[in-house]
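# Coordinates in review
Below, each chain spelled out in residue letters.
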Amino acid sequence: MFFPLLSPNAKRREQSRFLQAGNRMIAGLLFLTLPLVLSGCAALSTRSLPQPPNVPGKALVAGVPFFAQDELQCGPASLAMALNWSGVVVQPSELTPEVFTPGLKGSLQSGLIGSARRHGRVAYPIAGSEALLAEVAAGNPVIVLVNLAFSWYPKWHYGVVIGFDQGRDEVILHSGLIANEHLGSEVFLNIWQRSEYWGLLVLPPERLPATVEEEPWLEAVAGLERTGQWQGAAAGYGAALKRWPKSFAAWMGLGNSRYSLDNLAGSAEAFRRATRLQPKNGIPFNNLAQVLNKQGKRKEALAAAQRAVDLGGPLVDNFRHTLEEIKAQPAPTNKPRRKK
Amino acid sequence: MLQKIIKPMSFFLVFSFLLLDVSVHTAKARMIDTDTVIAAQQKEAIQARVTAFLGREDARKVMEQHGVDAVEAQKRVASLSDAELAKISQAMEQLPAGGDGLGTVVGAAVLIFLVLLITDILGFTHVFSFVKPQR
């Protein structure tokens, strides 16, 4: 409605100075609001699925069981579907105490993530429809958070995307009481947008996501450490090292996990690899010293601890304590000598 | 009655305080966990990005306008905490990446304002009179 004012016709008419000033103001206002209008339009117009390269036109993940949700229990139900697909046999009702927050009458995203970890699975968040399609095409179901109503009257809901069909412009979900629900992508993208396109993969630790990136994966695996899932964590770091053999943090994580699993030789090996990748970083030397000490290799342990202290850094106090602790221990009993 | 309680009570208290002291001293020697390793790496990456940004020509010009030379600015970045660095890095992500000349200069001005503001709050610098240092 403002646009005719900018047309050549209108320009000829605007001889009066008042009009000119008015026009300038309107043009200015238009210029200022243009980005708003454009972004608003964009949000409403890109309502069909993107077509990322290397992703087929349709896909359906096999082997995702469906659990009809009880009232308010879409979180536990969705997580149970993803967990069972990943090989963890569990009923939604068993997950409720881990996931559901009664006071909120719902489940928080962090609740889902924490619970997945407690069952030894890597919880890997993704965002956006391109990642969603790539993951589903690679055979990974995706838990999505959607808002079924409005931003000012939210009705949050979790469902599991198990497929899509570009030809029919549909997304296929296990959601609520409906298995294999075919939802038009326009509707799906509208309700998903309100969670800023939040999605969650629940994966066996040896299975990297299709859209995996190094740092988020390592963070997700480190989450397993926090719940004491050392076996899973070791597998997750192992998978990372197959993809990124020079990942310092992955070698460190592998060393820590193996240490907690009492695999001292394996742990020492992992920390040695880490020291070779970052020879000026004291952290792997500190951890290597602890492992060697536990193995009874006191001399080597002292050398590694001393190296860590020499290298310094923000954790140098910690390194010093490691060194002192090893020094303070009584020298190993003279069993070998006595034998001679 | 009170006399009866006082002795065991004081023993108990002394004992608890001893425990407290010991726990503080032995907390240090440990394996460095993976979370710490990842966090340290992230901090390094962010520090490198902010440092690289301050090395840019447009950023240097804005700093000169504030009377801060590049070496000093780098020192200040090195003294920032993780949270402060993250704040600056976030602001950097919202700047136009290449863009036109105008955009980047405006962006640099905002960012450098931020660096100076944060270092002011910490008491390293005193560019803005309205900031009272924490210490």
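Anything mentioned here points back to the structure above.
What comes next concerns the included structure. (Residues numbered from 1 in each chain as written. Chains lettered and ligands numbered in written order. Predicted model: local features only at pLDDT ≥ 70, side-chain atom pairs only at ≥ 80, totals over all residues.)

### Quick word on the overall build of chain B
A tally of regular secondary structure across chain B gives 6 helices and 0 strands. Listing the helices and strands of chain B from first to last along the sequence gives α-α-α-α-α-α. A burial count over chain B gives 19% of its 135 residues as buried. Within chain B, counting contacts between residues at least 6 apart in sequence, those at least 24 apart form 51% of the total. (Helix = DSSP H or I, 4+ residues; strand = E, 2+ residues; numbered from the N terminus. Buried ≥ 20, exposed ≤ 12 C-beta atoms within 10 Å, placed from the backbone. Contact = placed C-beta atoms within 7 Å.)

### A look at the overall build of chain A
Across its full length, chain A holds 15 helices and 9 strands. Classification of the 340 residues of chain A by burial places 40% in the buried group.

### Description of the pairing of strand S5 (residues 142-147) of chain A
All names here are of chain A. Counting buried positions over the 6 residues of S5 gives 5, a clear majority of the element. Relative to strand S6 (residues 156-165), S5 runs antiparallel, the two sharing 6 bridges. In the strand pairing of S6, Val-142 is matched with Val-161. Where S5 and strand S9 (residues 198-203) come together, 2 bridges link them in antiparallel fashion. Residue pairing for S9: Ile-143 is matched across the bridge by Leu-200. (Pairing = 2+ DSSP bridges.)

### Thoughts on the environment of Ala-70 of chain B
Residue and element names in this part refer to chain B. Along the chain, the position of Ala-70 falls in helix H4 (residues 70-78). You can call Ala-70 partly exposed: it has 14 C-beta atoms within 10 Å. Between the C-alpha atom of Ala-70 and that of Gly-55, which follows or precedes it by 15 residues, the distance is 7.1 Å. Contacts of Ala-70, omitting those with residues within four sequence positions, involve Leu-54, Gly-55, Arg-60 and Met-63.

### Some thoughts on the pairing of strand S8 (residues 178-184) of chain A
All names here are of chain A. Strand direction decides the pairing type here: strand S7 (residues 170-175) and S8, joined by 5 bridges, are antiparallel. Of the residues in S8, the one forming a bridge with Ile-172 is His-182. Between S7 and S8, which pair antiparallel in sequence order, lie 2 residues; one of them, Gly-176, sits at a positive phi of approximately 60 degrees.

### Description of unusual backbone geometry
Residues and elements named next belong to chain A. We note that Leu-72 has phi near 70 degrees; this positive angle belongs to a residue other than glycine. In this fold, Leu-72 is placed in the loop between strand S1 (58-60) and helix H3 (74-85). Taking the number of C-beta atoms within 10 Å as the measure of exposure, Leu-72 has 14 and is therefore partly exposed. In this model, Tyr-197 sits at a positive phi of 55 degrees, which is unusual for a non-glycine residue.

### Focus: the nonpolar core
With 91 residues, the main nonpolar core has Leu-79, Val-142, Ile-143, Val-160, Val-161, Val-202 and Val-221 of chain A as its most contacted residues. Beyond its immediate sequence surroundings of up to four residues, Ile-143 of chain A is in contact with Ser-78, Leu-79, Ala-82, Leu-112, Tyr-158, Val-160, Gly-199, Leu-200 and Val-202 of chain A. If you look at the next biggest cluster of nonpolar residues, it comprises 11 residues, including Phe-53, Leu-54, Val-77 and Leu-80 of chain B. (Core = buried A, V, L, I, M, F, W, Y, C linked by C-beta atoms within 7 Å.)

### Focus on the packing of helix H12 (residues 282-294) of chain A against helix H13 (residues 298-311) of chain A
All names here are of chain A. Remark: H12 packs on H13, axes separated minimally by 8 Å, with the N-to-C direction vectors making an angle of 160 degrees. Compared by their axis directions, H12 and H13 come out roughly antiparallel. Both H12 and H13 take part in a crossing whose hand is left-handed. The segment H12 lies against H13, with Gly-282, Phe-285, Asn-286, Leu-288, Ala-289, Leu-292 and Asn-293 engaging Arg-298, Glu-300, Ala-301, Ala-304, Ala-305, Arg-307, Ala-308 and Leu-311. Partitioning the contact of H12 with H13 into residue classes produces 9 nonpolar, 3 polar and 3 charged. (Axes fitted to C-alpha atoms, helices over the stretch in contact; angles between N-to-C directions. Parallel < 35°, antiparallel > 145°, perpendicular 65-115°, else oblique. Left-handed = near helix turned anticlockwise from the far one by under 90°. Nonpolar A, V, L, I, M, F, W, Y, C, P; charged D, E, K, R; others polar.)

### Description of the packing of H3 of chain A against helix H5 (residues 109-118) of chain A
All names here are of chain A. Axis separation between H3 and H5 bottoms out at 11 Å; the angle between their running directions is 35 degrees. The handedness of the crossing between H3 and H5 is right-handed. From H3, Gly-75, Leu-79 and Leu-83 reach across to H5, where they touch Gly-111, Leu-112, Ser-115 and Ala-116. Here the contact of H3 with H5 is composed, by residue class, of 4 nonpolar, 3 polar and no charged.

### Overview of H12 of chain A
Here H12 of chain A is 13 residues long and its end C-alpha atoms lie 19 Å apart, about the 18 Å a rise of 1.5 Å per residue gives. If you check which residues of H12 of chain A are buried, you get Gly-282, Ile-283, Pro-284, Phe-285, Asn-286, Asn-287, Leu-288, Ala-289, Gln-290, Val-291 and Leu-292 of chain A. In this structure, the buried side of H12 of chain A is in contact with helix H10 (248-260), helix H11 (264-277), H13 and helix H14 (316-328) of chain A together with helix H2 (34-54) of chain B. Phi for Gly-296 of chain A, located one or two positions after H12 of chain A, is positive at around 85 degrees. (Expected span 1.5 Å × (residues − 1).)

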